[in-house]
Amino acid sequence: MCGIVGYVGNKPVVDILMDGLEQLEYRGYDSSGIAVMCPEDIKVYKAIGKLQNLRDKLRGHEKEFNTSTMGIGHIRWATHGAPTLLNAHPHTCNCGRLVVVHNGIIENYEALRDSLGVENELKSETDSEIIAVLIDRQYKKYKNCEKAIIESVKMLQGTFALAIIFDGEGDKIYATRNVSPIVCCKSEKGSLIASDIIAIGQYSENYFVLPEMTIAKITRDDIEIKDFAGNSVCPEILKLDWDINAGTKGGFPFYMEKEICEQPDVLRKTINSRIKNSLPDLSEDKISDELFENCTDITVIACGTAMHAGLIGKHLIENICEIPVNVYMASEFIYSNPIINKSTLVICVSQSGETIDTLEALKYAQKKGAKSLAIVNVKGSSIAMQSDYVIYTQAGPEIAVASTKAYTTQVAIFYLLTARMAYTKKKLNYEGVTKFIDELAKLPDAVENIIARKEEIHLLAKKLLASEHTFMIGRGFDYPSLLEASLKLKEISYIHSEAFASGELKHGTIALISKGTPVIALMTQRYLAAKQISNIKEVMSRKAEVITFAKKSLVTKDINCDFVLPEIDDDFTAVPSVVALQLLAYYVSSDKGLDVDKPRNLAKVVTVE
Ligand code: AGP
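A brief structural summary.

The rules behind the values
Residues numbered from 1 in each chain as written. Predicted model: local features only at pLDDT ≥ 70, side-chain atom pairs only at ≥ 80, totals over all residues. Heavy atoms only, no water. Buried < 20%, exposed > 50% of the residue type's maximum accessible area, 1.4 Å probe, protein only. Helix = DSSP H or I, 4+ residues; strand = E, 2+ residues; numbered from the N terminus. Pairing = 2+ DSSP bridges. Right-handed = clockwise from strand over helix to strand, strands pointing away. Near = heavy atom within 4 Å. Polar contact = N/O pair within 3.5 Å; in protein donor to acceptor, adjacent residues only side chain to side chain. Areas by Shrake-Rupley, 256 points an atom, 1.4 Å probe, with all protein chains shown as cover. Nonpolar A, V, L, I, M, F, W, Y, C, P; charged D, E, K, R; others polar. Core = buried A, V, L, I, M, F, W, Y, C linked by side-chain atoms within 4.5 Å. Contact = heavy atoms within 4.5 Å. Salt bridge = Lys/Arg side-chain N within 4 Å of Asp/Glu carboxyl O. Axes fitted to C-alpha atoms, helices over the stretch in contact; angles between N-to-C directions. Parallel < 35°, antiparallel > 145°, perpendicular 65-115°, else oblique. Left-handed = near helix turned anticlockwise from the far one by under 90°. Phe/Tyr/Trp six-rings, centres within 6.5 Å; stacked < 30°, edge-to-face > 60°. Arc of directions from axis to C-beta.

This next bit is on the pairing of strand β17 (residues 297–302). Taking burial as the measure, the six residues of β17 include six buried ones, the bulk of the element. What you see with β17 is no split at all: D297, T299 and I301 on one side and I298, V300 and A302 on the other are buried throughout. As paired elements, β17 and strand β19 (residues 344–350) share five bridges and run parallel to each other. Note on β19: the bridge partner recorded for V300 is I347. Taken together, β17, helix α10 (residues 304–321) and strand β18 (residues 325–329) form a β-α-β motif whose crossover is right-handed.

Here we take up the site of the ligand. Near the ligand, the surroundings consist of 14 residues, among which S350, Q351, S352, T355 and E491 are the closest. One of the backbone nitrogen or oxygen atoms of T305 is found 3.2 Å away from an oxygen atom of the ligand. A distance of 2.9 Å separates a nitrogen atom of the ligand from a polar backbone atom of V401. Contact with the protein chains hides 90% of the accessible area of the ligand, taken as 410 Å² for the molecule alone. Mapped by element, the contributors of at least two residues to the shell around the ligand are α10 and α18 (478–493). Classifying every residue of the shell around the ligand gives five nonpolar, seven polar and two charged.

For the rest of this paragraph, the subject is the nonpolar core. The biggest cluster of nonpolar side chains holds 125 residues, and the ones touching the most others in it are I34, I200, I347, F414, Y415, L417 and F549. Ranked by the residues each element gives to this core, the list is headed by helix α20 (residues 574–591), at 12 residues. Once residues within four sequence positions are removed from consideration, F549 is found in contact with L460, I520, A521, L522, M523, F563, L565, A580, L581 and L584. With 27 residues, the next largest nonpolar core counts I149, I150, L156 and L162 among its residues.

Turning our attention to the environment of S467. By the secondary structure assignment, S467 is in the loop between α17 (454–461) and β22 (469–474). By relative accessible area, S467 is classed as buried at 14%. With 50 residues separating them in the primary sequence, S467 and T517 have C-alpha atoms 8.0 Å apart. Discounting residues that sit within four places of it in the chain, S467 has contacts with I495 and P518.

A few words on the pattern of salt bridges. Using the criterion set out here, one finds 37 salt bridges in the structure. Where K123 meets E129, a salt bridge forms, and the shortest distance between an N and an O atom there is 3.8 Å. For E129, a relative accessible area of 3% puts it in the buried group. Where K604 meets E398, a salt bridge forms, and the shortest distance between an N and an O atom there is 2.5 Å.

Take the environment of A365 next. Mapped onto the secondary structure, A365 falls in helix α12 (residues 356–367). Taking the relative accessible area as the measure of exposure, A365 reaches 1% and is therefore buried. With 132 residues separating them in the primary sequence, A365 and S497 have C-alpha atoms 33 Å apart. In this structure, A365 is in contact with F333, I340, V346 and A370, ignoring residues within four places of it in sequence.

We now examine the sheet that holds β18. If you walk across this open sheet you meet the five strands as β18-β17-β19-β20-β21, and the pairing is parallel. Looking at strand neighbours, the two that pair on one side only are β18 and β21 (389–392), the edges of this open sheet. When strand polarity is set aside, the average angle formed by the axes of neighbouring strands in this sheet is 20°. On top of the sheet, α12 reaches β17, β19 and β20 (371–376); it is set at about 170° to β19, its chief contact.

With that out of the way, let us pick up the packing of α17 against α20. For the pair α17 and α20, the least separation of the axes is 8 Å and the interaxial angle reads 55°. Taken together, the axis directions place α17 and α20 in an arrangement best described as oblique. As for the relative orientation of α17 and α20, their crossing is right-handed in sense. Of the residues in α20, those in contact with K454, E455, I457, H458, L460 and A461 of α17 are A580, L583, L584, Y587, V588 and D591. Across the contact of α17 with α20, the residue classes tally to eight nonpolar, one polar and three charged.

Right, let's talk about the sheet that holds strand β6 (residues 98–106) for a bit. Judged by pairing direction, the sheet is antiparallel, and its six strands sit side by side in the order β5-β6-β7-β8-β12-β13 without closing on themselves. The open sheet is flanked by β5 (91–93) and β13 (223–227), the only strands paired with a single partner. If you compare each strand with its neighbour and ignore which way they point, the axes differ by 20° on average. Relative to β13, strand β12 (residues 214–218) runs antiparallel, the two sharing five bridges. Residue pairing across strands places I218 opposite I223, the latter belonging to β13.

We now examine the packing of aromatic side chains. Taken as a whole and assessed by the stated rule, the structure comprises 12 aromatic pairs. Seen in terms of ring centroids, Y45 and F65 are 5.7 Å apart; in terms of plane orientation they differ by 85°. Their pairing is edge-to-face. Here Y45, found in strand β3 (residues 42–48), pairs with F65, found in helix α3 (residues 62–65); they are 20 residues apart in sequence, far enough to count as distant. Take Y45 and F65: they sit in the same class, and that class is buried.

When helix α2 (residues 51–58) is considered as a whole, its buried residues turn out to be L51, L54 and L58. Projected down its long axis, α2 carries its buried residues within an arc of 55°, all on one side. Next to the buried residues of α2 lie α1 (13–24), β2 (31–37), β3, α3 and β4 (70–76). Positive backbone phi, approximately 100°, marks G60, located one or two places after α2.

Structure representation (C-alpha cells):
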C-alpha cells in the first residue's frame, strides 16, 4: 500500500527519490508523486499509474530540479478517492509552501474538515489533504514547524506516517507516525527516511524505526528525534542483515521465481541458526522454555498466506505437543469474542509485520492478558515491536506480492517451535526431538530437488493455461498446503481455484466437476493414501483432468502420478509440496504473460482494515 521516501543531503534528490519509490513499488500503488525543494519554490510532480509515467513527466523539467538536494516522494494505493492526479500525493497547502505525504488512514478527516470549515478549499477527495491544511493552520498560529506538526497530530485519529516540508524553513524534512512505519538512516550522502528499509538500505546498513508519536527533524547531517513533550528520544539502531542485492531480480525474469529458488538457502539460514547440539535452541531469540511451560493453549492470528502457515503449525503442535491450537483470520479475530486468557500463547504470523488486522488483533489479545510471540520477516516492524517475543524468519526481502519464501520459513519456525515445545512439555524425549530435528534439516535438500526439476512443473502448468476454474484436493496435512497453493494460483494467474479436503468434495462441490475440469491432487500422507486414491478416482470417473503430485513411496499403478515429490517423513511434506505448487502457479501466470510480481488489485503490505 502507500509508501513514503524522503531525502536531504548533498546529491541530486530526484534520482534518489525515484529509486526509493521504485523499491517500494512492490507494496502496490496506482499513482505517485514527488515534491522537490527548488531554488525558487517547492515543485510538485505527480502521475497516475506506473512510476514510468512519473519519470516521463519529469523529463523536460530537469532545469527546475537539477540542483535540488531535498525532497519527499510517495506512491499511493487508492482508498479515499479514485487514483487521479488531484488525489495523488504530495498534498500542498498555503500556495504550495507546505507539502505533506501520508501513508495510513485518517478516520476523523470529515470531522476535521467540517470543524476547519475548509470543504471548498480542498482539491482532493482524500483523507490526507486535510493534514496539510491542519498543519498550515497551526503553523500560522505558532510560527514554528515542530509545534505546528505536534499540535496537528494530536488532533488526528487513525494511522499515519507523515513526511512534511516547509518552504522558507531551510533544508529540513519533518516526519512523525502512528502505527504506519517510517525507518530512517544517515549516510555520507545525507539523511533518508522511507516506509521500508528496502528503499534506503543501499545508503547505510544501520537504520532505526522512528518511534511512534515522536517527531523527527531530518537535516543533511543529523536526525533529531523528540517526543511530543520536547524530550530527546534515542531509538534502537538496527543492522541490515541481508545483502542489499537481495532486493534485485538477480537475472530471473520475476522476483517470484527468484524468491522460490532462494528457498533452500533461506530455509537453511532460518533452521540451522536455531539448532545447537542437535536440539532446537531459541535462546538467541530470547525465548525461554517458561513461555511454553506456562501455556495451556495457543491462538494463531494471521492473514492470507501467513494464516496458512498457522494451519500447518496447528497440525504440528496439536499432533506432537497435544495442546489445542486455534487459528484465526486476523480480520475476524476481534469480532469473534475469542476465548483467550493469561495462559494462552498468541502467535502472530506476518511477513511484513505491518498487516493492520494482525496488529490490531495482537493488541486486543494483549489486553486480554495473553502472552504474545510474533513470527515476522521484517526487523523492527510494528508487529515485531508490539509483541512480547519475536522470532525473525531469515527469508530476506520478499518483493513479489505472492508470498513464497516468507511462507516456507514461517513453516520452518513452526517446526522449531513444535520441537522445543514438545521437548519442554516432555511430549518428545531427547531421541524423539533429535530425530525430529534431523528430519527438519532435510527440508532444504528436498526443496532443492524440486527446484532442480522445475521444468517438469512448467510442462504441467501448460495444462491450466486455458482454464477458468480449478479444484485442489488433499487430505489431512495436505489440505492446508492446498489452501496455500490455491491462493497462490488465484492471486497471480486470475484462475478461480478452490482447495478441498478430498472427503468434503462429495458434499456439494463435486457437482462442478465435469469433463476436462482441472483437479490438482496432492498425496503425501501414508495413512491417508488409500482414501485419497479413491477420492482421485471419484473425480476421474467424472472425466476431470487430474494432475497428481505424490510422494515417491505412495506412487501406485492405480492412478497416474504427474510429479513425484521427494521421499520425506509425512510430518515434513508440507514444505516441498507447497514449493512444487508455488512453481505451478508461477508458470501459469508467467506463461499467460501476466505481471507475476504485481498482480492486479493487490498490495504486498496491507495497512488498511
Ligand atoms: C500471499 O501471497 C499474499 N500476498 C497475502 O495473503 C499475505 O500473505 C497477507 O496479506 C499477509 O501479509 P503479511 O504476512 O505481511 O502479514
